[in-house]
2 protein chains.
Amino acid sequence: MVSRKKFDLGPMLKPKSVAVIGASHDSEKVGHIILQNYINGGYSGRLYAVNKDASSKILGIDVYTSIMKIKDRIDLAVIAIPAQMVPEALEECGKAKVKTAVVVSGGFSEVGETELQNEIVRIADRYGIAMLGPNCLGVMDPRSRVDTLFLPTYKLSKAQIGGVSFVAQSGAVGSTVLDLISGEGFGLSKFFSYGNAAQVDEVDILEYLMNDDETKVIVMYIEGIKRGKEFIEIAKKITKIKPVIVLKAGKTAAGASAAHSHTASLAGSYEAHDAVFRQFGFVIANDISELIYYSKIFAYESEPSGGRVAIITNGGGTGVLTADAVSSTKHLTLAEFSGATKKILTASMPKLVNIRNPLDLAGDADSKRYGDAIAAVAGDQNTDIIAVIVLFQTPGADSEVAAELIKIKQTANKPMIVISIGSEYTQMHKIMMESGGVPVFDSPLSAATALEGLLDYGNYKKAVA
Amino acid sequence: MVSRKKFDLGPMLKPKSVAVIGASHDSEKVGHIILQNYINGGYSGRLYAVNKDASSKILGIDVYTSIMKIKDRIDLAVIAIPAQMVPEALEECGKAKVKTAVVVSGGFSEVGETELQNEIVRIADRYGIAMLGPNCLGVMDPRSRVDTLFLPTYKLSKAQIGGVSFVAQSGAVGSTVLDLISGEGFGLSKFFSYGNAAQVDEVDILEYLMNDDETKVIVMYIEGIKRGKEFIEIAKKITKIKPVIVLKAGKTAAGASAAHSHTASLAGSYEAHDAVFRQFGFVIANDISELIYYSKIFAYESEPSGGRVAIITNGGGTGVLTADAVSSTKHLTLAEFSGATKKILTASMPKLVNIRNPLDLAGDADSKRYGDAIAAVAGDQNTDIIAVIVLFQTPGADSEVAAELIKIKQTANKPMIVISIGSEYTQMHKIMMESGGVPVFDSPLSAATALEGLLDYGNYKKAVA
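Description of the structure in this document. (Residues numbered from 1 in each chain as written. Chains lettered and ligands numbered in written order. Predicted model: local features only at pLDDT ≥ 70, side-chain atom pairs only at ≥ 80, totals over all residues. Heavy atoms only, no water.)

We now examine the environment of Ala402 of chain A. Residue and element names in this part refer to chain A. Tracing the backbone through its elements, the reader meets Ala402 in helix H14 (residues 399–409). Among the residues examined, Ala402 registers a relative accessible area of 0% and is labelled buried. In this structure, the C-alpha to C-alpha distance between Ala402 and Glu202, residues 200 residues apart in sequence, is 40 Å. Setting aside chain neighbours within four positions, we find Ala402 in contact with Phe392, His429, Met432 and Met433. (Helix = DSSP H or I, 4+ residues; strand = E, 2+ residues; numbered from the N terminus. Buried < 20%, exposed > 50% of the residue type's maximum accessible area, 1.4 Å probe, protein only. Contact = heavy atoms within 4.5 Å.)

Structure below.
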């Protein structure tokens with residue numbers, strides 16, 4: 001495909017004015033749900049409803065029979081009407097000088113209606129409208145309170161505001177990830193579900209997110225890449241600026257065939273994509289759960305100076321499992337404490353604590369013992385990363401330990417993560433620690449996987465700097 | 001080590017009478033917490049408190065200055081007193097013909113007091129007491145309401161009653177797993193934390209669980225095996241009867257060294273252990289999270305007749321990822337639907353549903369569409385396993401879909417699992433489905449891992465039958 005103009009997605013994510021085309025009185029209709037979500041979400045820009053047939057207000061919002069009747073410049077038109085009616089609506093958007101459009105309607109190339117899809121692209125191109133979709137969930141930005149998702153809000157827990165942006169070709173994968181991160185302490189910057197990618201595609205979105213100061217980490221789910229050359233160009237630039245985590249579907253022949261059936265993506269060989277991702281320092285996830293682990297580590301931590309991990313634990317067995325998990329990675333190793341560190345630890349720890357890595361503080365370890373141990377290891381020049389295991393089932397571990405870790409984290413000059421495994425009492429402390437800036441992982445393996453991703457990305461950045 | 005007598009652990013798990021030695025008025029003392037847990041847990045057997053110095057009742061329970069003063073035959077003595085006092089207490093247990101003892105006290109070989117540990121083994125052996133520990137959390141059986149764990153109950157959510165038994169050398173790993181499974185629909189049969197394994201060890205416990213009708217699945221965390229020959233003997237027998245899932249610490253040199261420091265386990269080479277586990281059909285977990293996935297699949301499902309998986313989904317992308325996850329295993333494959341199945345599906349599905357595997361029912365799939373699709377695939381002779389993806393964020397998926405899956409499961413003649421990913425609304429439906437007998441996994445990868453474990457174990461059983 002030829003190189004073509006760049007689209008400004010700014011008005012789509014930070015619109016001063018939004019029109020919902022297909023707004024409806026019928027509470028089951030997509031156009032109703034979207035309008036409702038804007039109102040419930042507290043969107044503070046100017047909001048308009050468009051419906052060819054409507055007369056009275058919908059949800060208290062004035063209804064226009066055409067977007068051309070609105071005496072305001074519209075930044076974003078959300079189009080939720082049957083596919084055959086989209087060209088006319090988009091044509092009117094063009095005449096009304098609408099800047100961007102999200103076409104949530106399905107019924108285009110994904111069901112063989114390629115010509116209809118080509119038609120709306122021609123219209124959007126002719127009027128210079130940046131168009132996302134069709135057949136997509138659209139965009140979400142918790143800061144501007146833009147939310148074009150037509151999913152009932154009770155089914156989807158709200159994510160916090162943060163620095164992680166998600167880009168998903170698949171609406172289903174996108175919405176599950178959005179829902180999943182609501183329980184995490186890191187928050188959302190932008191969400192894109194781009195569906196058929198008829199015009200605006202992953203390259204445009206990456207370009208936008210690369211320059212978006214609110215986005216610290218980019219996370220992608222993709223089934224196929226259309227503009228390979230342009231993708232490589234942006235890939236080369238973007239990872240020098242911020243980390244990009246990618247989950248690519250179609251890893252196996254069966255998966256690639258399924259992906260083709262799903263979004264008509266010509267998946268190409270997974271190996272070819274994988275090679276490009278690796279060449280440009282993308283962090284490659286193998287599962288949705290890994291997307292979350294990587295999102296967390298990059299949201300909370302900067303790259304470490306090396307891969308030597310100190311493990312501090314109040315449970316011996318979990319320390320052993322973490323030593324195994326760290327040593328099983330390619331690039332992380334267990335730190336060897338310096339003589340000075342060993343001296344400090346010997347002086348500050350009770351006799352029963354064996355001064356070695358993993359450092360087992362024992363089941364009665366309290367906030368003081370944790371604090372002393374971490375302080376010693378934080379100052380150790382042989383340690384690059386601190387992994388603290390806190391098992392809250394043990395008698396000594398309580399909110400004071402969590403508070404101590406939050407305090408230490410504020411001055412720590414190296415990545416420090418926590419591994420806490422368990423149910424309600426543990427989850428409460430996870431929320432507490434993550435609110436305080438300490439990322440918490442639910443298993444030794446997930447922590448080691450995340451830390452290695454952080455290290456590898458850091459090494460890539462050093463190599464290309 | 002020489003072959004030696006077998007211990008009857010029956011009275012330890014199903015005691016008609018329990019004495020807590022070291023029962024205390026001090027609510028922070030282990031002996032107090034254990035007594036309290038028996039009372040709170042609703043233990044209905046005869047309960048006694050023993051304290052050398054105590055006079056008045058503790059928590060309403062009569063206190064004896066020695067176990068010998070109790071005019072009742074004691075099935076289980078829980079010993080929670082300082083290490084040096086344990087020999088005398090155990091000697092008195094012997095004289096009082098106590099059948100079994102759990103020594104929770106620490107301060108033995110794990111801190112170099114090997115002679116003290118040898119002494120209590122000699123006493124237990126002399127009197128024929130089956131002794132668990134020392135330095136352990138002991139046992140739990142939610143049916144008999146035996147619970148020797150000295151952990152505050154608010155830190156540890158209660159697991160349901162079920163068929164999975166956990167055996168953990170490490171108290172910390174054991175208690176986190178116990179806590180973790182409280183959120184799962186499968187329940188607990190027995191829990192053993194056996195600590196220093198001075199007398200009763202993993203071989204005795206496996207022997208007991210092999211013959212325990214309440215135990216359907218055995219899950220182990222081990223750092224080292226003492227009696228290799230006897231372990232192999234029991235290993236050979238046990239997996240013909242029920243599945244054994246094992247997480248072995250010390251996979252790496254660093255982990256093995258840490259394990260040695262933790263429980264003085266001579267870990268031997270991980271490879272040697274691994275070879276034994278594989279030879280005898282153990283299911284090998286690589287992480288605590290995998291322990292949970294395997295526990296779940298074996299608790300809910302019988303072995304499949306083969307490894308051909310049908311995937312039914314309401315989210316295309318998640319279907320693709322599941323196809324990838326299934327195809328990435330060694331032994332699972334995607335099923336190729338028979339001509340008859342394709343005909344049935346073509347007749348019953350809407351036009352937009354592409355009749356292939358994964359079968360994408362689309363985002364508006366409701367209980368009827370799920371029901372029709374699963375019924376067709378359940379009757380397909382080319383399908384051995386059904387993996388149903390339900391993304392509850394989509395408009396069509398609700399409690400009716402969950403209810404339909406529960407209904408179908410009751411007559412399904414092949415393993416059927418669900419993959420649902422998400423937060424609160426999803427978790428509510430997970431609980432609903434698991435209560436109804438349908439296991440729910442939180443990612444394609446975890447489901448595929450679990451299913452392959454089930455298939456491999458089934459193949460092992462066929463091979464040795």
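The next subject is the interface of chain A and chain B. Tallying the contact residues gives 66 residues for chain A and 67 residues for chain B. Summing both partners gives a buried area of about 4500 Å² for chain A against chain B, and 64% of it is carried by carbon and sulfur. Considering only the surface of chain A that becomes buried against chain B, Lys155, Leu321 and Gln393 of chain A emerge as the three largest contributors, covering 15% of it. The interface formed by chain A and chain B holds zero salt bridges in total. (Buried area = accessible area lost by both parts, 1.4 Å probe. Salt bridge = Lys/Arg side-chain N within 4 Å of Asp/Glu carboxyl O.)

Moving on, we come to the sheet that holds strand S5 (residues 100–103) of chain A. Strand pairing in a sheet takes place through backbone hydrogen bonds and is either antiparallel or parallel in direction. All names here are of chain A. Reading across the sheet, the six strands line up as S3-S2-S1-S4-S5-S6 and stay open at both edges, with parallel pairing between neighbours. What marks the edges here is a single partner per strand, and that holds for strand S3 (63–64) and strand S6 (130–132). Its contacts with the sheet place helix H3 (residues 86–95) against strand S1 (17–21), strand S4 (76–79), S5 and S6, and it is angled at close to 170 degrees to S4. (Pairing = 2+ DSSP bridges. Axes fitted to C-alpha atoms, helices over the stretch in contact; angles between N-to-C directions.)

Another point: the sheet that holds strand S8 (residues 146–147) of chain B. Residue and element names in this part refer to chain B. Here we have seven strands laid out as an open sheet, ordered S8-S7-S10-S9-S11-S12-S13, and mixed in their pairing. Looking at the sheet topology across the chains shown, the edges are occupied by S8 and strand S13 (283–285). As paired elements, strand S11 (residues 217–222) and strand S12 (residues 244–248) share five bridges and run parallel to each other. Counterpart to Met220 in the pairing with S12 is Val246. Strands in contact with helix H5 (residues 171–180) are strand S7 (138–141), strand S9 (161–168), strand S10 (188–193) and S11; relative to S10, the strand with the most contacts, it is inclined by about 160 degrees.

This part takes up unusual backbone geometry. Residue and element names in this part refer to chain B. For the bond from Gly133 to Pro134, the omega torsion is -5 degrees, close enough to zero to count as cis. Between Asn357 and the following residue, Pro358, the backbone shows a cis peptide bond with an omega angle of 0 degrees. Residue position: Pro358 is located in the loop between helix H12 (339–348) and strand S16 (359–360). One non-glycine residue, Leu59, lies in the positive phi region at around 50 degrees. You can see Leu59 is positioned in the loop between strand S2 (46–50) and strand S3 (63–64). Given a relative accessible area of 35%, Leu59 falls into the partly exposed group.

In this section: the environment of Ala465 of chain A. Residue and element names in this part refer to chain A. Its place among the elements puts Ala465 in the segment after helix H16 (444–464). Since its relative accessible area comes to 88%, Ala465 is described here as exposed. Separated by 225 residues in sequence, Ala465 and Lys240 have C-alpha atoms that sit 7.6 Å apart.

Here the focus is the relation of the copies chain A and chain B. Superposition record for chain A on chain B: RMSD 0.0 Å, screw rotation 180 degrees, translation along axis 0.0 Å. Expressed as a symmetry operation, the mapping of one chain copy onto the other fits a two-fold axis. Considering only C-alpha atoms, the part of chain A nearest the rotation axis is Ser289 of chain A, at 5.8 Å. Interface residue correspondence from chain A to chain B reaches 100%, placing this contact among same-surface, isologous pairings. (Least-squares fit on C-alpha atoms with pLDDT ≥ 70 in both.)

What follows is about the packing of helix H7 (residues 228–241) of chain B against helix H16 (residues 444–464) of chain B. Residues and elements named next belong to chain B. Packing of H7 against H16 brings their axes to within 9 Å, and their N-to-C directions diverge by 110 degrees. The angle between H7 and H16 falls in the class roughly perpendicular. Counted together, Lys236, Thr239, Lys240 and Ile241 of H7 and Tyr457, Tyr460, Lys461 and Val464 of H16 form the full contact between these two elements. (Parallel < 35°, antiparallel > 145°, perpendicular 65-115°, else oblique.)

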